[in-house]
Amino acid sequence: MLIFQQSQPGRAAAAQLPMPIEAPDDLPAALLRSTPIGLPEVSELQVARHYTNLSRKNFSIDTNFYPLGSCTMKYNPRACHSLAMLPGFLNRHPSAPEALSQGFLSCMWELQEMLAEVTGMKGGVSLTPMAGAQGEFAGVAMIMAYHRQRGDHQRNEIIVPDAAHGTNPATATMCGCVVREIPTLDNGDVDVEALRGVLGPKTAGIMLTNPSTIGVFERGICEIAAMVHAAGGLLYYDGANLNAILGRVRPGDMGFDAIHMNLHKTFSTPHGGGGPGAGAVGVSERLAPFLPIPIVERVAVEAAAAAAAAPTPAHRFRLLEARDRPLSIGRLSTFAGNAGVLLRAYVYARLLGRAGMRRVAEFATLNANYLARRLAEVGFTLAYPERRASHEFIVTVQPQKKASGVTALDFSKALLDHGIHAPTNYFPLLVPECLLIEPTETESKETLDRFVEVMRQLLEDALRDPERMKGAPYSTPVRRLDDVKAARDLDLAYRAS
Ligand SMILES: Cc1ncc(COP(=O)(O)O)c(C=O)c1O
């Protein structure tokens with residue numbers, strides 16, 4: 001029931017404040033309300049109960065297992081929230097002068113440095129993109145700016161493997177490029193011969209995800225990098241899912257020229273559908289001049305000035321703007337990016353340190369491989385059984401569909417009745433009836449074992465009572481929605497009857 005429907009005339013939520021609230025005298029009469037505001041009249045207890053119950057209808061990583069492949073729904077440590085919400089950070093106005101923002105800027109500078117180091121991007125990092133897709137846009141825009149700056153105007157083709165996330169071809173198109181799609185081999189690697197066939201004087205670059213969206217590490221990456229560079233193109237790394245390689249392998253060392261990182265996945269800041277996010281970008285030296293602004297710079301304080309200051313800082317931090325970086329592709333967000341998300345990512349990176357980052361990669365891959373093998377043991381079909389999984393893997397329920405008509409969507413919906421979020425389904429498009437499963441590094445063995453047990457039970461249900469499974473979920477606040485209508489024709493407005 002909506003809170004408006006609980007309204008009773010005259011009921012109040014809070015004790016009356018001792019002073020009457022009066023409109024300030026300087027408000028123009030035309031702007032004053034003439035009708036009541038129309039808020040529900042409810043008691044404080046009703047409010048507390050209503051919103052607490054609403055919050056419990058949400059499915060979240062804090063409540064349940066959430067193995068959503070490619071989306072990395074891992075635990076977001078509370079320490080990151082509480083430190084990012086220290087009053088000094090929370091109350092800082094985004095337009096505050098640099099002199100009053102040195103603490104915040106020093107954290108951002110350190111975050112830039114840590115991300116550049118862990119990705120091997122020697123040209124530096126800009127933190128300003130507000131999502132993974134915007135980071136991709138920044139990356140391809142920088143690649144195009146590089147070619148144009150060298151007077152190379154014919155390069156307008158971006159190569160994208162067919163396994164890529166949809167944002168890759170969308171980004172290339174948004175940047176005015178032509179997308180050249182290349183196939184993935186049956187073993188999960190990029191088809192290098194097909195790549196050779198599309199490389200040429202029009203090649204601006206390639207967008208690669210490694211490990212790819214099918215969850216395997218691209219074994220030919222060094223050969224691919226050499227081929228693309230020899231053809232005059234640059235390499236873009238979709239680093240949305242960096243947790244598989246964090247601290248162990250660096251995209252810069254693989255030959256990539258640009259990368260975006262989904263800090264809202266790998267660096268454990270909260271995210272849900274559509275944000276909030278931060279898609280920091282890193283570049284090799286040749287793309288450094290094109291990084292989006294602002295970028296935080298650390299400047300050594302001159303000895304004389306330092307001596308005069310109290311306490312004596314060795315450095316100060318400043319934001320580099322368009323005047324400092326004339327070749328920059330420009331500004332992608334207001335102020336210096338998504339400050340709250342960036343601060344959480346900073347704390348997370350500092351908490352982990354070098355050794356912790358390696359452990360992230362080790363447990364992300366260990367958990368994925370354990371789960372893949374256990375699901376195979378109970379009867380699921382792995383799409384790439386001969387490959388070691390990275391942080392995620394694909395199961396296909398094509399055999400179950402053939403046997404009883406039960407689809408990947410039915411498995412996903414049925415999981416909800418067991419308190420488990422659906423894996424990503426029907427992506428990537430290469431594998432029919434696929435479930436892309438990412439346990440993440442933060443789940444315990446017991447949770448993974450319970451998931452296997454529930455999946456085993458669903459395999460039985462699919463054969464024993466397929467019609468019931470096609471009707472799942474039965475226990476959620478809403479059942480199956482018309483996905484297309486929900487996306488295209490969403491109507492969430494409340495109308496008083
Ligand atoms: C592989 C990959 N690339 C890019 C993106 C885009 O990131 P965002 O959703 O933050 O725009 C995602 C997000 O799901 C992804 O999984």
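Note that the structure is a prediction, hence the values are computed from the model and not measured.

1. Describing the domain arrangement of the protein
Here is step 1: Split by domain assignment, the protein resolves into domain 1 (78–350) and domain 2 (353–481).
Here is step 2: Measuring from the centre of the C-alpha atoms in domain 1 to the corresponding centre in domain 2 gives 31 Å.
Here is step 3: Between domain 1 and domain 2, the contact holds 30 residues from the first and 25 residues from the second.
Here is step 4: Together, Ile 214, Asn 243 and Arg 248 form the three largest contributors to the area buried by domain 1 at its contact with domain 2, with a combined 26%.
Here is step 5: Between Glu 362 and Arg 248 there is a salt bridge whose closest N-O contact spans 2.6 Å.
Here is step 6: Summed over the shared surface of domain 1 and domain 2, the result is 9 residue pairs in polar contact (both at pLDDT 80 or more).
Here is step 7: Among the secondary structure elements, those contributing two or more residues to the side of domain 1 that touches domain 2 are α4 (102–119) and α11 (339–377).

2. Thoughts on the site of the ligand
Here is step 1: The immediate surroundings of the ligand are formed by 13 residues, with Ser 70, Gly 132, Ala 133, Asp 238 and His 264 found nearest.
Here is step 2: A distance of 2.6 Å is found between a nitrogen atom of the ligand and a side-chain nitrogen or oxygen belonging to Asp 238.
Here is step 3: In the model, an oxygen atom of the ligand is placed 2.9 Å from a nitrogen or oxygen of the Lys 265 side chain.
Here is step 4: Ranked by the residues each element gives to the shell around the ligand, the list is headed by helix α5 (residues 132–149), at 3 residues.
Here is step 5: Split into classes, the residues belonging to the shell around the ligand amount to 3 nonpolar, 7 polar and 3 charged.

3. Some remarks on the packing of aromatic side chains
Here is step 1: By the definition in use, this model includes 6 aromatic pairs.
Here is step 2: A ring pair is formed by Phe 65 and Phe 451, whose centres lie 5.3 Å apart and whose planes are at 75 degrees; its orientation type is edge-to-face. Here Phe 65, found in the loop between α1 (44–57) and α2 (78–84), pairs with Phe 451, found in helix α14 (residues 445–464); they are 386 residues apart in sequence, far enough to count as distant.
Here is step 3: Residues Phe 380 and Phe 411 carry aromatic rings whose centres are separated by 5.8 Å and whose planes lie at 70 degrees to one another, so their mutual orientation is edge-to-face. Placement of Phe 380 in the loop between α11 and β10 (381–382) and of Phe 411 in helix α13 (residues 408–416) is noted, with a sequence separation of 31 residues between them.

4. Considerations on the packing of α13 against α14
Here is step 1: Between α13 and α14, whose axes approach to 11 Å, the crossing angle comes to 125 degrees. With respect to α14, the element α13 is oriented oblique. The way α13 lies across α14 gives a crossing that is right-handed. Residue-level inspection shows Phe 411, Ala 414 and Leu 415 of α13 in contact with α14, the latter providing Phe 451, Val 454, Met 455, Leu 458, Leu 459 and Ala 462.
Here is step 2: In the contact of α13 with α14, the residues fall into 9 nonpolar, no polar and no charged.

5. So, the sheet that holds β10
Here is step 1: Strand order in the open sheet formed by 4 strands is β10-β11-β13-β12, and the pairing between neighbours is antiparallel. Strands at the two margins of the open sheet, each flanked by one partner only, are β10 and β12 (424–425).
Here is step 2: As paired strands, β10 and strand β11 (residues 393–396) are joined by 2 bridges and run antiparallel to one another. Looking across to β11, one finds that Thr 381 is bridged to Thr 396.
Here is step 3: The sheet contacts of α11 involve β10, β11 and β13 (434–437), and relative to β11 the element is tilted by about 15 degrees.

Reading the values: rules and limits
- Residues numbered from 1 in each chain as written.
- Predicted model: local features only at pLDDT ≥ 70, side-chain atom pairs only at ≥ 80, totals over all residues.
- Heavy atoms only, no water.
- Domains from an automatic or database assignment.
- Contact = heavy atoms within 4.5 Å.
- Buried area = accessible area lost by both parts, 1.4 Å probe.
- Salt bridge = Lys/Arg side-chain N within 4 Å of Asp/Glu carboxyl O.
- Polar contact = N/O pair within 3.5 Å; in protein donor to acceptor, adjacent residues only side chain to side chain.
- Helix = DSSP H or I, 4+ residues; strand = E, 2+ residues; numbered from the N terminus.
- Near = heavy atom within 4 Å.
- Nonpolar A, V, L, I, M, F, W, Y, C, P; charged D, E, K, R; others polar.
- Phe/Tyr/Trp six-rings, centres within 6.5 Å; stacked < 30°, edge-to-face > 60°.
- Axes fitted to C-alpha atoms, helices over the stretch in contact; angles between N-to-C directions.
- Parallel < 35°, antiparallel > 145°, perpendicular 65-115°, else oblique.
- Left-handed = near helix turned anticlockwise from the far one by under 90°.
- Pairing = 2+ DSSP bridges.

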